Each structure stands twice: as structure tokens, then as C-alpha cells.
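# A look at the structure
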Amino acid sequence: MPRAVTLIRSTSLSDVAEYAYAATAPADARLIFLAGACPLNEDGSTAAVGDYAGQAAKAFENMRTALTDAGASLEDVISTRVLVASSRQEDLVTAWGVVRAGFGDHDAPSTLLGVTVLGYYDQLVEIEAVAAVLDV
């Protein structure tokens, strides 16, 4: 199946970043804007309380489910934003490591942010994503 997303890796910028610097999708692609995926269990409770990696894994799992329900997959993601409730860079890096590993070779552009608080009790991580698909 043809993919809508083309990742762009700049040779003019540092190669330290673990993601493509840009991505494109053709005009006929259907865009999918996901709400922030939260680390919530099916019963609404927060998963992995106090654990940045555990919450990143659960949020990633929930993001993957939302993508599937919208007719997309991880390879259709055109960009992400990872929000981490912490002022400690180590905590951001911990959450990012889980998200980055989850995407494998599909290193879509991403922004990693430290924030003061997120919406659910005990929530530490949230992942926003945009995807693009070709409905053939």
C-alpha cells in the first residue's frame, strides 16, 4: 500500500536529532489529527503512576489504538509532540526513549516539551500526533 508521508532528513542541520526534520504529504492525503494520547487504562485510571517510561509506553499504546481506529498506522504519522510533566531533562529523555523506540525506522518529526502539569491525576506523559493516509 502506498504511503502518504515522506520524511525529509536535512543534510544542512545536525544529525544528532533522532528524527527527520520535516515531512510532507500530498494534497490528496486524508489528514488525521489525534487528541493527545494519555496513559489511561480502559477503566480511566492512570497507568504506571510515577513512572515516566511506563506512562510513555501506555500513551504510545493508546496512540497506536487511536491511529488504527482512524484507519492509519505508525508509518502514517507525519509529526508528533511529546509532553512530559517535569522540569528535569532526564525525565523528558526517558519518555522520549520509549516513544522513539516505538516508532522504529519511522522517525517522524517530533517536538519534546517539559510542561508543569497535564490533565489527569498522576499523569506525566501525553503524545499528540498528526497522520496522513491515502484512501485508495
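First, a word on scope: everything that follows refers to the structure included in this document. The model shown is predicted, which means the values in this text are computed figures rather than measured ones. (Residues numbered from 1 in each chain as written. Predicted model: local features only at pLDDT ≥ 70, side-chain atom pairs only at ≥ 80, totals over all residues. Heavy atoms only, no water.)

### Thoughts on the packing of helix 1 (residues 52-69) against helix 2 (residues 89-103)
Contact pair helix 1 / helix 2: the axes reach a minimum separation of 8 Å and the direction vectors enclose 35°. Here helix 1 and helix 2 pass one another in a crossing that is right-handed. Counting all contacts with helix 1, which are made through Tyr-52, Ala-53, Ala-56, Ala-57, Phe-60, Met-63 and Arg-64, the residues of helix 2 involved are Asp-91, Thr-94, Ala-95, Val-98, Val-99, Gly-102 and Phe-103. Of the residues contributing to the contact of helix 1 with helix 2, the split by class is 10 nonpolar, 2 polar and 2 charged. (Axes fitted to C-alpha atoms, helices over the stretch in contact; angles between N-to-C directions. Helix = DSSP H or I, 4+ residues; strand = E, 2+ residues; numbered from the N terminus. Left-handed = near helix turned anticlockwise from the far one by under 90°. Contact = heavy atoms within 4.5 Å. Nonpolar A, V, L, I, M, F, W, Y, C, P; charged D, E, K, R; others polar.)

### Quick word on helix 1
Side chains that are three or four residues apart share a direction in an α-helix, a result of its 3.6 residues per turn. Spanning 18 residues, helix 1 covers 26 Å between terminal C-alpha atoms, matching the ideal 26 Å at 1.5 Å per step. Inspection of helix 1 places Tyr-52, Gln-55, Ala-56, Lys-58, Ala-59, Phe-60, Met-63 and Leu-67 among the buried residues, and these make up the whole buried set. For helix 1, the elements touching its buried residues are strand 3 (30-37), strand 4 (77-85), helix 2 and strand 6 (125-133). Looking at where helix 1 begins, the residue whose side-chain oxygen comes 3.2 Å from the main-chain nitrogen of Ala-53 is Asp-51. (Expected span 1.5 Å × (residues − 1). Buried < 20%, exposed > 50% of the residue type's maximum accessible area, 1.4 Å probe, protein only. Polar contact = N/O pair within 3.5 Å; in protein donor to acceptor, adjacent residues only side chain to side chain.)

### Here we look at the sheet that holds strand 5 (residues 110-115)
Reading across from one edge, 3-6-4-5 is the order of the 4 strands in this open sheet, with mixed pairing throughout. Both outer strands of the open sheet, strand 3 and strand 5, are each paired with one neighbouring strand and no more. The sheet shows a mean angle of 10° between the axes of neighbouring strands, taken without regard to direction. Judged from the 6 bridges that link them, strand 4 and strand 5 form a sheet pairing that is parallel. The residue of strand 5 that forms the bridge with Val-84 is Gly-114. (Pairing = 2+ DSSP bridges.)

### Looking at unusual backbone geometry
Of note in the backbone geometry, Ala-48 takes a positive phi value of approximately 50° without being a glycine. Examined against the element boundaries, Ala-48 turns out to sit in the loop between strand 3 and helix 1. Residue Asp-122 is not a glycine yet carries a positive backbone phi of 65°. With respect to the helices, strands and loops of the structure, Asp-122 is situated in the loop between strand 5 and strand 6. Assessed through its relative accessible area of 47%, Asp-122 is described here as partly exposed.

Just distances and angles here, no functional claims.
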